[in-house]
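Below, each chain spelled out in residue letters.
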Amino acid sequence: SVDLLANDAEFPEGLIFSCAGVEPIQVESPTLANIISARGSWLKEINSSDTLIFYCCGHGIWLPSVGNSFLASDFGVDAESPWPNAISLDAMAQGLADKIPREQWLFFDCCASTAPQALRDSNPAPNPLVSTTYGMRKTVTDLYGPLVQAKVASATPGSEAYGRENGRSRFMDVFVE
């Protein structure tokens with residue numbers, strides 16, 4: 001199955017997606033609520049022989065205390081507590097390791113730069129999206145085999161990812177071309 005969430009500055013509530021042979025569909029924006037809903041959908045439908053592919057593209061940040069985080073489209077809605085609308089990509093990868101698809105490809109197409117204002121927050125706590133459970137990884141490995149998980153990022157810690165104005169990201173070019 002495929003879950004797609006997308007928006008841009010011109011269409012913050014989502015986009016109409018279409019391609020040859022496929023009827024146009026309304027694609028919702030990647031708010032935290034929509035991301036959680038999509039996650040619930042694909043976690044419910046997976047089995048051990050599936051290959052999990054997770055791709056996120058958008059704004060990201062790297063902080064020494066939490067690692068890489070992806071910012072949902074509604075990040076910062078609550079200026080007093082913005083972090084629940086960020087997803088800790090490193091913690092999510094750890095949580096996914098507890099899940100039964102034993103082949104996982106995680107593509108993080110977002111900046112990993114450090115914003116000075118974020119460093120002033122003494123307790124940033126991004127959402128892990130998928131939490132780890134003590135003992136679960138061993139249980140899943142014993143039942144379904146070893147984990148093969150690849151993480152590919154478009155930016156190293158402290159650096160930016162690049163895109164084109166009104167176009168796809170340079171990272172996406174690798175897949176399309």
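Residues numbered from 1 in each chain as written. Predicted model: local features only at pLDDT ≥ 70, side-chain atom pairs only at ≥ 80, totals over all residues. Heavy atoms only, no water.

**As for the environment of leucine 32**
In plain terms, the rule: Helix and strand assignments come from DSSP, with helices taken as H or I runs of at least 4 residues and strands as E runs of at least 2, each series counted from the N terminus. Only heavy atoms matter for contacts: two residues are in contact if any of them lie within 4.5 Å across the pair.
In this structure, leucine 32 sits in helix α1 (residues 32–45). In sequence terms leucine 32 and glycine 14 are 18 residues apart; their C-alpha atoms lie 13 Å from each other. Non-local contacts of leucine 32, meaning those with residues more than four positions away in its chain, are made with Ala72, Asp74, Pro84, Asn85, Ile87 and Asn127.

**Considering the pairing of strand β1 (residues 14–19)**
Two faces make up the sheet, and in a regular strand the side chains alternate between them. Definition in use: Two strands are counted as paired when DSSP detects at least two bridges linking them.
For β1 and strand β2 (residues 22–28), the ladder comprises five bridges, and the chain directions are antiparallel. In the sheet register, phenylalanine 17 faces β2, and the bridge partner there is isoleucine 25. Counted along the chain from β1 to the antiparallel partner β2, the turn is two residues long, and its residue glycine 21 has a positive phi close to 85°.

**Examining the nonpolar core**
A general tendency of soluble globular proteins is for nonpolar side chains to be buried together. The cut-off we apply is this: By nonpolar core we mean a set of buried residues, namely Ala, Val, Leu, Ile, Met, Phe, Trp, Tyr and Cys, connected to one another through side-chain atoms within 4.5 Å. Each residue is placed in one exposure class: buried if its accessible area under a 1.4 Å probe, protein chains only, is under 20% of its type's maximum, exposed if it is over 50%, and partly exposed if it falls in between.
In terms of nonpolar packing, the biggest core is built from 19 residues, with Phe54, Ile87, Leu89, Met92 and Phe108 touching the most fellow members. Only α1, β3 (51–58), α2 (89–96) and β7 (103–110) provide two or more residues apiece to this core. Judged by nonpolar contacts, the second largest core, of seven residues, contains Leu63, Leu71, Ala86 and Ala118.

**Quick look at the packing of aromatic side chains**
We apply this condition: Geometry of aromatic contacts follows a simple scheme: Phe, Tyr and Trp rings, the Trp one being its six-membered ring, pair when their centres are within 6.5 Å, and the pair is stacked under 30 degrees between planes, edge-to-face over 60, tilted otherwise.
According to the stated counting rule, one finds five aromatic pairs in the structure shown. With a centroid separation of 6.4 Å and an interplanar angle of 65°, the aromatic rings of phenylalanine 54 and phenylalanine 108 are classed as edge-to-face. Here phenylalanine 54 is found in strand β3, whereas its partner phenylalanine 108 is found in strand β7, with 54 residues between them in sequence. Pair check on accessibility: phenylalanine 54 and phenylalanine 108 agree, each one buried. Chaining the aromatic ring pairs together yields one cluster made of Trp42, Phe54 and Phe108.

**Regarding the sheet that holds strand β8 (residues 148–153)**
The strands making up a sheet associate through backbone hydrogen bonding, with each pair oriented either parallel or antiparallel. Test applied: The convention used is that axes are lines fitted to C-alpha atoms, helices contributing only their stretch in contact, and that angles between N-to-C directions extend from 0 to 180 degrees.
Strand order in the open sheet made by the three strands is β3-β7-β8, with parallel pairing throughout. The open sheet has two edge strands with one neighbour each: β3 and β8. Each strand of the sheet is rotated relative to its neighbour by a mean of 10°, with strand direction disregarded. Strand direction decides the pairing type here: β7 and β8, joined by six bridges, are parallel. Bridge pairing in β8 links leucine 106 to lysine 151.

**So, the environment of glutamine 104**
Defined as follows: Counted as a polar contact is a pair of N or O atoms within 3.5 Å, where, for protein atoms, one must be capable of donating a hydrogen and the other of accepting one, and residues adjacent in sequence contribute only when both atoms are in side chains.
Inspection of the secondary structure assignment puts glutamine 104 in strand β7. Put simply, glutamine 104 and tyrosine 162 are 58 residues apart on the chain and 24 Å apart in space, counted from C-alpha to C-alpha. Those residues in contact with glutamine 104 that lie beyond four places of it in its chain are Leu52, Leu96, Ala97, Lys99, Leu147, Val148, Gln149 and Ala150. A distance of 2.8 Å separates the side chain of glutamine 104 from the backbone oxygen of leucine 96, its partner in a polar contact. One polar contact links the side chain of glutamine 104 to the main-chain carbonyl oxygen of proline 101, over a distance of 2.9 Å.

In short, geometric facts, not functional conclusions.
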